[in-house]
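Descriptive analysis of the structure
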Amino acid sequence: MTAATLPGFPRPIVRRRELGLLLAVAAALALGNLSLGLTRAGSLTVVDPAGLLIYLGALVAVHLALVTAGRRVDEVLLPTVGLLGGIGLLLAERLPQDLVVQRVGSTVLGLASLQLVWLILALVIAAVVAITVRSDRWLRLYKYTWAAAGLGLLALTFVLGTDVNGTRLTLDFGPVSGQPSELLKVILVVFFAAYLAENRVLLADARVRVVGRLTVPPAPYLLPAGLMLALALGIVVIQKDLGAALLFYAVFLCLFYLATGSKVDVALGIGLFLVGFVLLALVFPHVRDRVATWLDPWSDPLGTGFQTIQALHAFARGGLLGTGLGAGLPTIGGQLPIPAVHTDFPLAALGEELGMAGVLAILGCYLVVVARGLRIAAAAADDVRALLCAGLALVIGVQAAIIAAGNLKLIPLTGITLPFISYGGSSLLVNGLIVGLLLAFSDRGPLPPREPRRARRPAGGPG
Amino acid sequence: MDPLTLAVWAIRLAFLASLYLFLALVVRALLRDIRAASRDPAGALGRLVVIASASLPTAGSVFPLDAVTTLGRDLGSSVVLDDPFSSARHAVLTYRGRGWYVEDLGSTNGTLVNGVPVAGALPLGFGDELQIGDVRMRLERGLR
């Protein structure tokens, strides 16, 4: 027989659906690239064909790696995330390349090249995690260790980090810098999942009466979670990273609801959050400024409100079908209209060039990621893994919702990234890790043997 | 309208259309999965319903059974029992021929079927009650 049936060598499993979807992604990205080239050069040209081909090649390589690994993991996540990453790459190619410049030796890498490098690294992480991770014991057994490590990393950033745009989120490791709070997203989900799964019966059943029919879980069981959350929120608020605080809290509430099914607790949680937010706004001027800018950006149109106003104008210029890739974003005096468009406002840029139709399609992709994650969670063997998968998918979904709503001035703007589309190394790598874990935990186990067919002829093979 | 503008428009719209084509393909895949899940043969052989339990799994939990289903506190068990009186590898349910058998795997506190301790492989009928530690479960017919 072939080597494939030897023990230790997994049998490759054909992933036809994934391949088909990847072909659709390739077609879409090629069309987008053509559209950008046509608008920009006025003739049928492809912008940076090498970048597009390398990216598509990386997607196919991940696909082939999953095929050879022979695990029956999800086939929809990779193409969906691949499309989002490809759109991000198109946007990076379309924006001025000098937004981000990094020197590696003698070569100077611009925005698109850097985004491509990070995307490929993220895909590598996703593939390695998806293929090698088989058990979640290493995550669930050491939940307090993980939580402590995450908070330690955050504290380290606060002490040793460098300030960028007034928030201290960046930690420099020699030539590269990273944002540890991105990794904290995954670590907190692991902690919440392990903790909530362990205590879900107590949280749901052993209730303490407060007033009338209003009951809450007993305080001793809530304390660790509350403490953990307060600590994370505190550090994040001190570091002025409101987006991350909102994200952690929203994901925690979602997981709490999934674990206990208690709507009252979620309502209480939202109430507590609103109270806390008002208090924060009273105490911290930077929170107050954010709210004021959100309520009336036109009070300071050239200062704090500038970004928001320009984003709204961009969405308005885009209309239903958009101006077309490469046709939007007129520069004002040689400057981009929206500051930090590649990290905080990619959706506004895409809204202008692809219109509402394009934005809805992109948001649809995030919805697919969440739906897929929840399905993986529903099929999970136990509570910890179910909550873990749901939490990981929700981190991506909630993050996209928060920044999309911020771009559209539905909620105060918070500086978090649009997953897979925004420029940003740490964000892309951590999102790659999340996709890898979701893929690994979606493994449906080895293919069951085929049902034996009744032999047509009595004298057939052996046996 | 000159052909260039026309081409720009056509390709722009084709790009948007291709995004929606992708979404349509994905949604089709998701719907297929949901339909396949509702036809899933898991649990066709039988189901284990938890009647009473002081810990996890909670009362009311339903476990579709594979032909070989292990029960115990070990996280690798098919049905993980988080009960202090359960052993790591407590018991195994096997589907042999046309019926279910239960076998105690040398557990510390034993396995009871309808209140009687199990010795050796004992046939288990649908409706029989299985008790491990404080967890009481009932074997039920599978969903066909």
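Everything below is about the structure printed above this text.
Keep in mind the model is a prediction, meaning the values are calculated, not measured. (Residues numbered from 1 in each chain as written. Chains lettered and ligands numbered in written order. Predicted model: local features only at pLDDT ≥ 70, side-chain atom pairs only at ≥ 80, totals over all residues.)

**Re the overall build of chain B**
From N to C terminus, chain B includes one helix and 11 strands. For chain B, the sequential pattern of α-helices and β-strands runs α-β-β-β-β-β-β-β-β-β-β-β. Relative to a compact globule of 144 residues, whose C-alpha radius of gyration would be 15 Å, chain B shows 25 Å and is clearly more extended. Dimensions of chain B, computed from C-alpha atoms along their principal axes, come out at roughly 90 × 30 × 20 Å. Relative to its full complement of 144 residues, chain B shows a buried share of 30%. Residue pairs at least 24 apart in sequence account for 37% of intrachain contacts in chain B once pairs closer than 6 positions are excluded. (Helix = DSSP H or I, 4+ residues; strand = E, 2+ residues; numbered from the N terminus. Rg over C-alpha atoms; globule rule 2.2 N^0.38 Å. Buried ≥ 20, exposed ≤ 12 C-beta atoms within 10 Å, placed from the backbone. Contact = placed C-beta atoms within 7 Å.)

**Notes on the overall build of chain A**
Scanning chain A from terminus to terminus reveals 15 helices and seven strands. Going through the 463 residues of chain A one by one, you find that 48% of them count as buried. The long-range fraction of contacts in chain A, counting pairs at least 24 apart against all pairs at least 6 apart in sequence, stands at 71%.

**So, the interface of chain A and chain B**
On the chain B side, the residues contacting the 29 residues of chain A number 23 residues. In terms of residues, the side of chain A that touches chain B owes the most to one element, helix α1 (residues 16-41) of chain A, which gives 12 residues. Residue classes in the side of chain A that touches chain B are distributed as 17 nonpolar, eight polar and four charged. (Nonpolar A, V, L, I, M, F, W, Y, C, P; charged D, E, K, R; others polar.)

**Topic: the environment of L23 of chain A**
All names here are of chain A. Here L23 is to be found in helix α1. Since 15 C-beta atoms lie within 10 Å of it, L23 is described here as partly exposed. The spatial distance from the C-alpha of L23 to the C-alpha of P79 is 8.9 Å, given a sequence separation of 56 residues.

**Some points on the sheet that holds strand β7 (residues 111-113) of chain B**
Residue and element names in this part refer to chain B. Taken together, the six strands give an open sheet; going across it, the order is β2-β1-β11-β10-β7-β8, and neighbouring strands pair in antiparallel fashion. At either margin of the open sheet sits one strand with a lone partner, and together these are β2 (62-64) and β8 (116-117). In this sheet, strand β11 (residues 135-140) lies alongside strand β1 (residues 47-52) in antiparallel orientation, the contact comprising five bridges. Paired with A52 across the strands is R136, a residue of β11. (Pairing = 2+ DSSP bridges.)

**Brief notes about the nonpolar core**
Ranked by size, the top nonpolar core spans 139 residues in total, and within it A193, V251, L255, L387 and L438 of chain A carry the most contacts. When neighbours within four sequence positions are excluded, L255 of chain A is seen to be in contact with F192, A193, L196, L387, A390 and G391 of chain A. If you look at the next biggest cluster of nonpolar residues, it comprises 19 residues, including V79, V118, V135 and L139 of chain B. (Core = buried A, V, L, I, M, F, W, Y, C linked by C-beta atoms within 7 Å.)

**What about the sheet that holds strand β5 (residues 91-96) of chain B?**
Residue and element names in this part refer to chain B. In spatial order, the strands read β4-β3-β5-β6-β9; together these five strands make up an open sheet with mixed pairing. Of all the strands in the sheet, the pair left with one neighbour each is β4 (79-80) and β9 (121-124). In this sheet, β4 lies alongside strand β3 (residues 68-72) in parallel orientation, the contact comprising two bridges. Of the residues in β4, the one forming a bridge with G72 is V80.

**Description of the packing of helix α3 (residues 77-94) of chain A against helix α4 (residues 111-132) of chain A**
Residues and elements named next belong to chain A. Put simply, α3 and α4 touch, their axes get as near as 8 Å, and they point 160° apart. On the basis of the axis angle, α3 is roughly antiparallel to α4. Two packed elements cross with a definite hand, and for α3 against α4 that hand is right-handed. Here α3 contributes G85, G88, L89, A92 and E93 to the contact with α4, which in turn contributes L111, A112, Q115, L116 and L119. Looking at the contact of α3 with α4 residue by residue, the class counts come to six nonpolar, three polar and one charged. (Axes fitted to C-alpha atoms, helices over the stretch in contact; angles between N-to-C directions. Parallel < 35°, antiparallel > 145°, perpendicular 65-115°, else oblique. Left-handed = near helix turned anticlockwise from the far one by under 90°.)

**Examining α1 of chain A**
Here α1 of chain A contains 26 residues, and its C-alpha end-to-end distance of 37 Å stays within 8% of the 38 Å for a straight helix at 1.5 Å per residue. Looking one or two residues beyond α1 of chain A, the residue adopting positive phi is G42 of chain A, at roughly 75°. (Expected span 1.5 Å × (residues − 1).)

**Some thoughts on the packing of helix α2 (residues 49-69) of chain A against α3 of chain A**
Residue and element names in this part refer to chain A. At their nearest, the axes of α2 and α3 sit 11 Å apart, and the two run at 165° to each other. On the basis of their axis angle, the class for α2 and α3 is roughly antiparallel. Of the two elements, α2 crosses α3, and the hand of that crossing is right-handed. Taking contact as the criterion, the partners of G51, Y55, L59, V62 and H63 in α2 are, on α3, L78, G82, G86, L89 and E93. Of the residues assigned to the contact of α2 with α3, the class counts are five nonpolar, four polar and one charged.

**So, the pairing of β3 of chain B**
The sheet contact formed by β3 of chain B and β5 of chain B spans four bridges and is antiparallel. When the sheet's bridge partners are listed, V68 of chain B is paired in β5 of chain B with T94 of chain B.

**A closer look at unusual backbone geometry**
Positioned with a positive phi, K409 of chain A is a non-glycine residue whose angle comes to about 60°. Residue placement: K409 of chain A occurs in the loop between α14 (383-407) and α15 (425-441). Judged by the 17 C-beta atoms lying within 10 Å of it, K409 of chain A falls in the partly exposed class. Even without being glycine, N114 of chain B reaches a positive phi, approximately 50°. Here N114 of chain B is to be found in the loop between β7 and β8.

**Section: the environment of L71 of chain B**
Take L71 of chain B: it is sitting in strand β3. The residues touching L71 of chain B, leaving out its near neighbours within four places in the chain, are S77, V79, L81, H90, A91 and I132 of chain B.

**Some thoughts on the pairing of β11 of chain B**
Residue and element names in this part refer to chain B. Because side chains alternate across β11, one face comprises the buried residues V135, M137 and L139, and the other comprises R136, R138 and E140, none of which is buried. Of the strand pairs in this sheet, strand β10 (residues 129-132) and β11 are connected by four bridges, and their pairing is antiparallel. Opposite Q131, over in β11, you have R136 as the bridge partner.

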